[in-house]
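# Inside the fold
The residues making up each chain are set out below.
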Amino acid sequence: MSFSAGSDHLDLKHSNGSRGWSRAETPRNHEEQEELSPGSVDYDHGDYAGSTSVRGLAISGIRPRIDRVPVGSKRSPRATDPLLSPPPAQPPRSLNQSPGARSSAYSYVSGDSLLDSLKKPTEVKCKTKRSFYQSRGNCLAVTITILAIYSTIFSGIYLVIAATKPSYGNKIHTKRGSSKGGISLSTATLLSTFFARTIELSFVTVFVAFLGQVLSRRAFRKESRGITIAEMAMRSWIMQPGSMIVHWESVRYAALTFLGVVSLTAAMLAMLYTTAAEALVAPKLKLGQFENKLMFGLVTSKYAYPTYVADHCKTPVQQSFDSDKGTTCLSIDHAGQAFHNYGQYLATWAALANAGNTTLTSLSQRPAPVGMLYDNTTVAGSWIEIRDTTEESQAAGRIINNVTMAMPHAGIFDAARDQKNDIMQPEDLEGLGEYSIYASLPSPSVNVLCVGMTKDEVKPFIQTEWPNSTIPFYPDPLNKTAVDDIFGFGKKYGIHNVSRTPPIFPRYPLDYNTILNTTGWYADSIYLLGKSATADPPYVLCSLRSSLSPNCSTRYNVTFSGGMLSSHCEDESDPQMYYHNHPEAPIGWVEFDWKNIASEWGNALSLNAGVENGNASVARLLTESILGSDSDVPANKLNPNMPSIAESLAALAGCTLLISARDAPFVHNWQHSDKLDQLNPPQYQNFSAIMRRQQYQSGGALGWQGVFYAVLVLVFVTNILCLASLLFWRGQVTDFTEPQNLFALSINSPPSQRIAGSCGGGPEPDHLTVGWYVNVQGDHVFLENNQEDEKELEREDAAFQKMQEEESPILASYSALANRKSGSFWERV
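Cut-offs applied
- Think of each chain on its own: its residues are numbered from 1, step by step along the sequence as written.
- Side-chain atom pairs in this predicted model are given and counted only at pLDDT of 80 or more, local residue features only at pLDDT of at least 70, and totals for whole chains, interfaces and linings cover all residues.
- Remark: hydrogens and water are excluded; side-chain values derive from all non-hydrogen atoms of the structure.
- Segments assigned H or I by DSSP are reported as helices when at least four residues long, segments assigned E as strands when at least two residues long, and all are numbered from the N terminus.
- For every residue, the accessible area obtained with a 1.4 Å probe (protein chains only) is divided by the maximum for its type, and the residue is called buried under 20%, exposed over 50%, and partly exposed between those limits.
- Residues are treated as being in contact if the distance between any of their heavy atoms lies within 4.5 Å.
- Note on definitions: the grid is 1 Å and covers protein atoms alone; a cavity is a set of points where a 1.4 Å probe fits but cannot get out; a pocket is an open set with protein on both sides within 12 Å along at least five of seven lines; lining residues have an atom within 4 Å of a point.
- Grid points are joined across faces, edges and corners, and a volume is the space filled by probe spheres set on the points.
- Under the scheme applied, nonpolar residues are Ala, Val, Leu, Ile, Met, Phe, Trp, Tyr, Cys and Pro; charged residues are Asp, Glu, Lys and Arg; polar residues are all the others, including Gly.
- Take the buried residues of types Ala, Val, Leu, Ile, Met, Phe, Trp, Tyr and Cys, join any two whose side-chain atoms come within 4.5 Å, and each joined set is a nonpolar core.
- At least two bridges found by DSSP between two strands are what make those strands a pair.
- Axis definition: a line fitted to C-alpha atoms, over the contacting stretch in the case of helices. Angles run 0 to 180 degrees between N-to-C directions.
- Patch definition: residues above 30% relative accessible area lacking any salt bridge, with like charges linked at up to 9 Å and the nonpolar side chains Val, Leu, Ile, Met, Phe, Trp and Tyr linked at up to 5 Å.
- Values of accessible area rely on a 1.4 Å probe in the Shrake-Rupley scheme; residue burial ignores everything except the protein chains shown.
- What counts as a salt bridge is simple: a side-chain nitrogen of Lys or Arg found within 4 Å of a carboxyl oxygen of Asp or Glu.
- Per-residue confidence from the predictor is reported as pLDDT, a score between 0 and 100.
- Here a pair means two rings of Phe, Tyr or Trp (six-membered ring of Trp) with centres within 6.5 Å. Their orientation is stacked below 30 degrees between planes, edge-to-face above 60, and tilted elsewhere.
- Counting as a charge over the ring demands two things of the Lys NZ or Arg CZ atom: a distance within 6 Å of the ring centre and an angle within 35 degrees of the ring normal.
- Expected helix span is computed as 1.5 Å times (number of residues minus one).
- Comment: arc refers to directions from the helix axis out to C-beta atoms.
- In protein, a polar contact requires one atom able to donate a hydrogen and another able to accept it; more generally it is a pair of N or O atoms within 3.5 Å, and residues adjacent in sequence count only if both atoms are side-chain atoms.
- To count as a disulfide, a pair of cysteine sulfur atoms needs to be within 2.5 Å.
- Here roughly perpendicular refers to angles of 65 to 115 degrees, roughly parallel to angles under 35, roughly antiparallel to angles over 145, and oblique to all remaining angles.
- A clockwise turn of the near helix away from the far one marks a right-handed crossing, whereas an anticlockwise turn of less than a right angle marks a left-handed crossing.

### Re the overall build of the protein chain
For the protein chain, the helix and strand inventory stands at 25 helices and 26 strands. The buried share of the protein chain, taken over its 829 residues, is 50%. When contacts within the protein chain are restricted to residue pairs at least 6 apart in sequence, long-range pairs at least 24 apart make up 74% of them.

### So, empty space enclosed by the protein
Vacant regions in the atomic arrangement are exposed by a probe of water-molecule size rolled over the atoms. Taken as a whole, this structure holds 10 cavities of 30 Å³ or more when the rule is applied. Approximately 100 Å³ is the volume attributed to the second largest cavity. When grouped by side-chain class, the residues that make up the lining of the second largest cavity number eight nonpolar, five polar and four charged.

### Quick look at the environment of Tyr273
Inspection of the secondary structure puts Tyr273 in helix α9 (residues 258-280). In this structure the C-alpha to C-alpha distance between Tyr273 and Leu714, which are 441 residues apart in sequence, comes to 9.9 Å.

### Here's the deal with the nonpolar core
In a soluble, globular protein the nonpolar side chains are often hidden away together inside. By size, the foremost hydrophobic cluster in this structure holds 77 residues, and its most contacted members are Ile412, Ile437, Val448, Tyr556, Trp601 and Leu649. For Val448, the contacting residues outside a window of four places in its chain are Asn401, Asn402, Val403, Ser543, Leu544, Ala646, Leu649 and Ala650. Of all hydrophobic cores here, the second largest spans 56 residues; its members include Leu159, Phe708, Trp729 and Leu783.

### Topic: the sheet that holds strand β12 (residues 382-384)
Across a sheet, paired strands are connected by hydrogen bonds in the backbone, their directions being either parallel or antiparallel. Spatially, six strands are ordered β12-β13-β15-β20-β19-β18 in an open sheet, and the strand pairing comes out antiparallel. Both outer strands of the open sheet, β12 and β18 (514-517), are each paired with one neighbouring strand and no more. On average, adjacent strands in this sheet sit at an angle of 25° to one another, irrespective of strand direction. Relative to strand β20 (residues 539-549), strand β19 (residues 526-531) runs antiparallel, the two sharing six bridges. Paired with Lys531 across the two strands is Tyr539, which belongs to β20.

### So, unusual backbone geometry
Here the residue pair Asp536 and Pro537 is connected by a cis peptide bond, since its omega of 5° sits within 30 degrees of zero. The omega angle of the peptide bond from Asn680 to Pro681 is 5°, so this bond is cis rather than trans. With respect to the element layout, Pro681 can be found in strand β23 (residues 678-697). Unusually for a residue other than glycine, Ala304 sits at a positive phi of about 60°. Under the relative-accessibility criterion, Ala304 is labelled buried at 0%. Of note, Asp422 is a non-glycine position whose phi angle comes to about 55°, a positive value. On the secondary structure map, Asp422 appears in the loop between α13 (412-416) and β14 (435-439).

### Topic: the layout of surface pockets
Looking at the second largest pocket, its volume works out to about 890 Å³. Lining of the second largest pocket is provided by 33 residues; of these, Arg130, Thr734, Asp735, Phe736 and Asn741 occupy positions nearest its centre. Elements that contribute at least two residues to the lining of the second largest pocket include exactly α3 (139-164), α4 (185-220), α6 (234-239), β24 (731-733), α21 (739-747) and β26 (780-785). With seven residues, α4 is the single largest residue contributor to the lining of the second largest pocket. A breakdown of the residues in the lining of the second largest pocket according to their chemical character gives 14 nonpolar, 11 polar and eight charged.

### Thoughts on a nonpolar patch on the surface
Taken together, the side chains of Ile149, Ile153 and Ile157 present a nonpolar region at the surface, about 240 Å² in accessible area. Here Ile149 lies in helix α3.

### Structural notes on the confidence of the model for the protein chain
Low pLDDT means the predicted coordinates in that region are not meant to be read closely. Looking at the protein chain, the pLDDT average stands at 78 and 76% of residues meet or exceed 70. Note on residues 16-124: pLDDT under 50 across the span, and 190 contacts to partners over four residues away in sequence or across chains.

### Focus: the pattern of salt bridges
All told, the structure shown has nine salt bridges when counted by the stated rule. Arg693 is the salt-bridge partner of Glu291, the closest N and O atoms lying 3.3 Å from each other. Note that Glu291 is positioned in strand β9 (residues 291-301) and Arg693 in strand β23, a separation of 402 residues in sequence. You can call Arg693 buried: its relative accessible area is 16%. With a closest N to O distance of 3.4 Å, Glu392 and Arg387 form a salt bridge. Residue Glu392 is classed as partly exposed on the basis of its relative accessible area, which comes to 25%. Each of Glu385, Arg387 and Glu392 takes part in salt bridges that share partners, so that together they form one network.

### Quick notes on the packing of aromatic side chains
Inspection of the entire model under this criterion finds 17 aromatic pairs. Members of the aromatic cluster, each reached through a chain of ring pairs, are Tyr150, Phe154, Phe194 and Phe195. Between Lys420 and the ring centre of Tyr684, over which it is positioned, the NZ or CZ distance is 5.3 Å. Taking the ring centre of Tyr508 as reference, the NZ or CZ of Lys455 above it sits at 5.1 Å.

### As for helix α20 (residues 709-728)
Compared with the 28 Å implied by 1.5 Å per residue over 20 residues, the 29 Å span of α20 between its first and last C-alpha is a close match. For α20, the set of buried residues is Val711, Leu712, Val715, Thr718, Asn719, Cys722, Leu723, Ser725 and Leu726. For α20, the angular spread of buried residues about the axis comes to 160°, placing them on one side.

### Comments concerning the side chain of Ser151
With respect to the secondary-structure elements, Ser151 resides in helix α3. At a separation of 3.5 Å, a polar atom in the side chain of Ser151 contacts the side chain of Ser202. Setting aside residues up to four positions removed in sequence, Ser151 forms contacts with Ile199, Ser202, Phe203 and Asn719.

### A word on the state of the cysteines
Applying the stated criterion across every chain, the model contains three disulfides. Between the sulfur atoms of Cys313 and its disulfide partner Cys329 the distance amounts to 1.9 Å. When the S-S torsion is -70°, as for the bridge of Cys313 with Cys329, the disulfide is left-handed. Placement of Cys313 in the loop between α10 (306-311) and α11 (325-354) and of Cys329 in helix α11 is noted, with a sequence separation of 16 residues between them. Cys329 gets classed as buried once you look at its relative accessible area, which sits at 11%. Residue Cys450 pairs covalently with Cys542 via a disulfide, S to S 2.0 Å. Judged by the torsion about the S-S bond (115°), the Cys450/Cys542 disulfide is right-handed.

### A closer look at the packing of α11 against helix α19 (residues 645-661)
Working note: a packed helix pair is described by the angle between its axes plus the distance between those axes. Relative to each other, α11 and α19 sit at 135°, their axes nearing to 9 Å. The orientation of α11 relative to α19 falls into the category oblique. When the axes of α11 and α19 are compared, the crossing they make is right-handed. Of α19, the residues touching α11 (which contributes Leu330, Asp333, His334, Gln337, Ala338, Asn341, Tyr342, Tyr345 and Trp349) are Glu647, Ser648, Ala651, Leu652, Cys655, Thr656 and Ile659. Grouping the amino acids of the contact of α11 with α19 by side-chain chemistry returns nine nonpolar, five polar and two charged.

Pasting the structure below:
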């Protein structure tokens with residue numbers, strides 16, 4: 001096939017030398033056309049062939065055609081129709097037999113009369129081999145329907161995923177060889193992009209097929225406005241979006257129609273769908289919302305059970321080498337943790353003092369003790385059961401320094417990493433993950449009560465002041481003291497008819513020294529006696545005891561760089577406060593076992609060095625913080641520039657609370673036999689919590705990405721619309737907007753003056769809005785425009801076509817489509 005040109009007309013030739021429609025034999029201009037005789041008739045299916053006055057020709061497969069007359073010219077009478085004239089003496093030569101003429105799709109049939117010519121069978125050379133109407137079971141129709149179903153279902157799934165924003169937990173991770181299972185992030189992203197791309201491609205395919213059906217069906221309906229070149233170009237908007245810029249003229253005319261708006265929207269959706277899926281469906285690391293979670297943790301021993309705590313202190317020394325290896329290791333652990341925590345606590349105070357902050361007179365505003373767990377988790381305690389120092393001192397008639405500090409439950413650390421709780425750790429997410437747990441757990445607490453005393457008031461506690469320095473044995477009564485009611489000494493403060501005995505110290509401590517008592521009968525506390533060089537009164541007696549507070553919850557925040565463990569106490573609005581879930585939990589129930597842990601702690605910190613006048617550094621710091629040591633601050637008020645001795649002791653003792661809570665119950669009591677102090681093997685115990693974690697999740701990472709929801713919604717709705725239309729149509733017609741189909745249809749159709757001048761450089765802007773119809777004569781399908789004279793000729797040929805309908809299934813299918821009084825919605829827009 002090749003192109004030839006002549007007289008400003010481009011012609012398409014076949015490779016065998018014949019050519020299609022030609023204007024070689026047509027008048028060159030209107031003046032030449034007007035020179036034709038009024039009775040001359042063109043028997044060409046287009047504008048080809050010369051004029052003739054021969055009569056009696058029987059035309060098979062085509063209709064006679066009047067020469068086109070310029071606007072304003074008078075038409076020749078219709079009486080000159082050759083079909084109504086006597087037959088000629090000799091039939092004209094067929095065009096396909098004349099030298100140099102084009103091969104025609106039609107042949108002339110001679111006859112004696114019109115009736116004879118109509119009775120003869122037609123001889124149409126361009127007969128379609130297949131019908132333009134295919135049933136629903138056609139392979140192409142089935143394929144398009146399957147793609148429409150796929151695109152609809154999966155675009156709906158993507159829309160649901162984007163709307164619900166599911167979290168994938170352990171199903172998606174980034175750690176190679178992770179024991180959590182699931183798939184890697186790269187695989188998940190690849191699958192998300194793959195399915196988004198297939199949805200996009202199937203959406204484009206289905207919509208283009210839908211658009212072709214709409215336009216092709218409209219082209220068959222004579223009562224419609226036909227289809228225009230601009231509308232035929234709409235399929236390229238979707239398949240080649242850049243064509244909207246290159247061929248903007250078609251967009252200008254077609255985009256203002258309803259179908260043009262739908263097609264333009266579909267083109268935008270096709271361009272943006274993969275981007276929208278990437279933004280809203282592809283998994284991204286996000287910090288989700290708080291959710292309720294029932295967690296589990298292993299319980300091994302009672303709270304503060306000294307034997308278990310000592311046995312599980314990490315040391316290379318073997319039991320056979322040192323039977324007290326556990327106690328020795330624990331003392332080192334106490335000393336290291338306590339001094340580190342106290343140093344951090346004092347550093348915080350130093351920063352506040354240097355800043356000139358003088359308003360920290362209320363315990364609730366003062367720095368809380370800190371700690372360290374496993375060298376990577378910072379621990380923050382809380383002041384609870386806060387009392388007014390001034391009011392208590394005035395009521396007792398002496399200096400009262402009473403504080404209670406709660407630490408978080410350390411068991412949450414191991415519980416968060418237990419596989420039973422299925423929590424992704426930061427290392428499973430290449431260090432980018434984090435999570436927060438608010439657990440309903442009791443908080444271990446320590447109460448430190450320090451009372452200022454004179455030397456005479458301390459005398460009953462000093463062994464050297466007893467007769468013969470002899471201490472009586474229980475149940476012989478001990479000395480009564482001036483502070484029995486403050487510390488609860490005596491039988492009336494005991495439990496089960498057992499007296500709470502006061503401590504006994506071997507001697508008076510010197511200035512800046514402290515002495516411990518940890519061996520009292522049935523004692524639930526340890527006691528410290530210290531002496532200040534500047535305070536009045538100079539001596540202070542302190543008791544330390546521990547309990548599990550139900551008025552707190554434990555909060556644990558984890559990032560790749562470490563964790564933050566804190567206690568959140570006495571907040572009635574906190575739904576995770578342990579008391580809300582366990583209202584039966586007692587307040588202030590003293591844990592007797594903790595005294596044995598604290599005794600090792602006190603000795604490790606040299607708090608008993610005053611027995612030998614050891615002048616330990618920690619003892620000096622503690623005695624310097626006795627209330628009244630600073631003459632500028634009243635003795636019954638907290639010093640705003642430094643911690644009190646009770647606060648300092650609580651900060652030093654915080655590490656004992658963390659050690660005691662490891663592997664301890666997650667409830668306030670021991671739920672096993674009293675004869676059983678530890679479990680082997682450990683047993684799981686559950687507790688309630690709310691959790692917020694960073695994990696891979698669908699949904700936009702940024703708020704503005706929500707605009708892409710419109711893309712997902714519109715693609716899904718459009719898919720439903722296309723699928724419903726394809727199922728509504730009982731079959732499919734040939735999509736004449738496809739290039740190969742349009743080419744075959746056009747080259748077998750007569751030329752038209754409506755787009756004259758477009759054969760070389762393409763259609764002009766005014767050609768884009770010309771309406772075109774698909775017509776059928778016999779078994780031949782061709783394209784024509786909506787000229788009024790052609791419609792008039794069609795009415796004249798109605799009788800001929802009616803006869804042909806009974807003989808041709810192609811005409812029957814065409815009539816069913818063309819003569820419908822009302823089509824579908826898409827055939828009318």
